[in-house]
Amino acid sequence: MIDKRMDNLIGSEFDPDTYEYVKCQDSKPEKPNVLDEIYMLRNGDTKEKPPIDSILDKDVKYSSVDLLQYVDDGHILKRLSCQIAEETCLPKSTVFLAVLGVYSSIAVRSFSVCYPNGEPLPIGLYVVLEQPSGTSKSRCLKIAQEPFHVMSESILNKIKKGLAILLAKKNKQGLSEDDEEQLNILNAQLKSFQPIFTTNTTSEGLEKQLAESNGFFSCVSSEQGLFNVLFGGAYKTDSKANNNDVVLNGYDGGYINSSRVTRKGYCGRVAGGIVCFAQTGSIETLLNSSNGTGLSERFLMLVEPHSLGKRDHLRKINHDSTVTTEYTRSCDNFRHVIESPKKFNELSAITISDSGFLKISNYLNTIEKDLADGGKFSHASLRGAAAKINMQIMKIAANLYLAVNEIMAWNTVIDDKYIDSAISISNALLRSNLMLCQTKGVMGKKAEYDAILALYENNPRGRIERAIIQSRSKVSPFKEYSGNKSELIRSTLNDMVKQKLLEKTEINGVISYRLC
């Protein structure tokens, strides 16, 4: 947890492994050379190089995190997540993010959290999770969504029942002026009524729904197709850019104007939540759809090890119905926004205390140096996520707070303990995403080695260093590197020589490399 004694933080640094502040040593370490410095920035403060087979053959696809350790044991979202994980054999942290994301996608229709200047930020989270087929992903989402589905069905039945009574009365004896007004209201409600969750839609289809929901959306699916169509991947051609405006602006309550001649559009502020809990490939779809727009950096991403091949289908599972009852009661606090959607400027505001914002600012200072060119989070796929992490913290803290407070008892200020939890969760996910980008081949040594070796795939002849640098600077992962690309490529080449993948020669001052 964060050290609460802020006075002791002067002259201290943040340890991301222990999540504590430690006093700096007075003595200054010897400055490393440029190539070693690049290596340490990318791989941690160590000069020990791993064997080549562990790099090129690396096939680690998962991240190991424990997000629930940062949440109080009695918190309803933690208790529900543990119960679902026990019943489905899904990883607990993955289930927790799924439940938190579903909850936030409805809570965003009722509340916003405020910056220090009072500007509102929607509390809807964007979450993408991966697990293989047959791991009960749909069941997990169904449990998290069930109270809202029941609520929505109850509201629809109420509208239909009211219409049936008024129509029967109209046919029998006619309606009074008040009855006619009520009939018009119910007809309008029925016409505008729509499923609370969107599971499979195009960006254009989503725009039509926004007009009825006052700009709010809740996209939840256990199929990767949600991303394919939501981001335009199902129908775009090479010459057509993805239409991500709704998703991009919905994260922070941005303004869109999608008026069209051929269809009903929407003009106004948008806000929502997205949860895609699907099979392997969802994160690649997200990264490929980003195209420099900042789309992927808005998402919390997690890929934990699955349990297939290790499950015991005979084990006894104790289901505690009080957990789902308490969760349903928490969800029921949002019934009013399903019955009668609010507008964005009508959202109830919850705030963070000065001490809470101080905690966030102290954490941001600990990662600021890693955003510099060549830093740990300087890659294009991570820098935006790290820079926006204060928004993730505010959103997570708001949802954790709302889930355990009765509607009449809602204070306007979030308890600092939820800020502590949100910072710890966000930090763990940010570190996890760094490893995820490496294992997905977006960045890291394996991606760098593969990019160099690709030069020799069809022609093993030697190449001069300058030609290699000019060629590889234009391809991933080097083109996204924010530091000195030439130095990074030289560092990679030197590593590959030490690993006996390449042979280095120098003739008349001209350096060249060829395959060993």
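Scope of this entry: the structure provided in the associated data block.

Conventions and cut-offs
- Residues numbered from 1 in each chain as written.
- Predicted model: local features only at pLDDT ≥ 70, side-chain atom pairs only at ≥ 80, totals over all residues.
- Heavy atoms only, no water.
- Helix = DSSP H or I, 4+ residues; strand = E, 2+ residues; numbered from the N terminus.
- Buried < 20%, exposed > 50% of the residue type's maximum accessible area, 1.4 Å probe, protein only.
- Contact = heavy atoms within 4.5 Å.
- Pairing = 2+ DSSP bridges.
- Salt bridge = Lys/Arg side-chain N within 4 Å of Asp/Glu carboxyl O.
- Axes fitted to C-alpha atoms, helices over the stretch in contact; angles between N-to-C directions.
- Expected span 1.5 Å × (residues − 1).
- Bend = angle between axes of the 7 residues up to and from the residue.
- Polar contact = N/O pair within 3.5 Å; in protein donor to acceptor, adjacent residues only side chain to side chain.

In terms of helices and strands, the protein chain carries 19 helices and 15 strands. Taking all 516 residues of the protein chain together, 51% fall into the buried category. Restricting the contact set of the protein chain to residue pairs at least 6 apart, pairs at least 24 apart contribute 73%.

What follows covers the pairing of strand β10 (residues 299–303). Among the 5 residues that make up β10, 5 are buried, leaving the element largely enclosed by the rest of the structure. Taking every second residue as pointing to the same face, both faces of β10 are buried, with Phe299, Met301 and Val303 on one and Leu300 and Leu302 on the other.

Glancing now at the sheet that holds strand β3 (residues 111–114). Pairing is mixed across the open sheet formed by 4 strands, whose spatial order is β4-β3-β11-β12. Strands with a single pairing partner mark the edges of an open sheet, and in this sheet they are β4 (120–122) and β12 (413–414). Across 2 bridges, the pairing between strand β11 (residues 348–352) and β12 is parallel. Note that in β12 the partner of threonine 351 across the bridge is valine 413.

A few words now on the pattern of salt bridges. If the charged atoms of two oppositely charged side chains come close together, the side chains can form a pair. Counted according to the given criterion, the structure contains 10 salt bridges. The salt bridge partner of arginine 315 is glutamate 86, with a shortest N-O separation of 2.9 Å. Here arginine 315 is found in the loop between β10 and α11 (321–331), whereas its partner glutamate 86 is found in helix α3 (residues 76–88), with 229 residues between them in sequence. Its salt-bridge partner being arginine 514, residue glutamate 503 comes within 3.1 Å of it at the nearest N-O pair. Remark: arginine 514 occurs in strand β15 (residues 510–515) and glutamate 503 occurs in strand β14 (residues 502–507); sequence separation between them is 11 residues. The exposure class assigned to glutamate 503 is partly exposed, which follows from its relative accessible area of 31%. A residue is classified by how much of its surface remains accessible, and arginine 514, at 39% relative accessible area, is partly exposed.

For a regular strand, side-chain orientation follows a simple rule: the groups alternate between the two sheet faces. Going residue by residue along β3, you find Phe111 and Val113 tucked away on one face and Ser112 and Cys114 tucked away on the opposite face as well. Across 3 bridges, β3 lies against β11 in parallel orientation. What sits directly across from phenylalanine 111, in β11, is serine 348. As defined by bridge partners, β3 adjoins β4 across 3 bridges and the pair is classed as antiparallel. Looking at β4, one finds that valine 113 is bridged to leucine 121.

Read from one edge to the other, the open sheet built from 4 strands follows the order β6-β9-β5-β10, with strand pairing classed as parallel. With one partner strand each, in any of the chains shown, β6 (216–221) and β10 form the two edges of the open sheet. Neighbouring strand axes in the sheet, compared pairwise and without regard to direction, differ in orientation by 5° on average. Sheet topology places β6 next to strand β9 (residues 271–278); 6 bridges connect them, and they run parallel. Counterpart to valine 220 in the pairing with β9 is valine 275. Relative to the sheet, helix α4 (residues 92–107) contacts β5 (126–130), β6, β9 and β10, its axis offset from that of β9 by approximately 150°. In the packing of helix α5 (residues 137–173) onto the sheet, the strands contacted are β6 and β9, and the crossing angle to β9 comes to about 150°.

Another point: α5. For α5, built from 37 residues, the straight-helix expectation of 54 Å at 1.5 Å per residue is met to within 8% by its first-to-last C-alpha distance of 53 Å. The sharpest bend along α5 reaches about 50° and sits at glutamine 145, with the proline proline 147 one to four residues further on. One or two residues past the end of α5 sits glycine 174, with phi positive at roughly 90°.

This paragraph deals with the side chain of threonine 88. Position of threonine 88 among the secondary structure elements: in helix α3. Note on threonine 88: relative accessible area 4%, which makes it buried. Reaching out from threonine 88, the side chain makes a polar contact with the backbone oxygen of isoleucine 84 at a distance of 2.7 Å. Sequence-distant contacts of threonine 88, defined by excluding residues within four places in its chain, comprise Thr135, Ser136 and Arg139.

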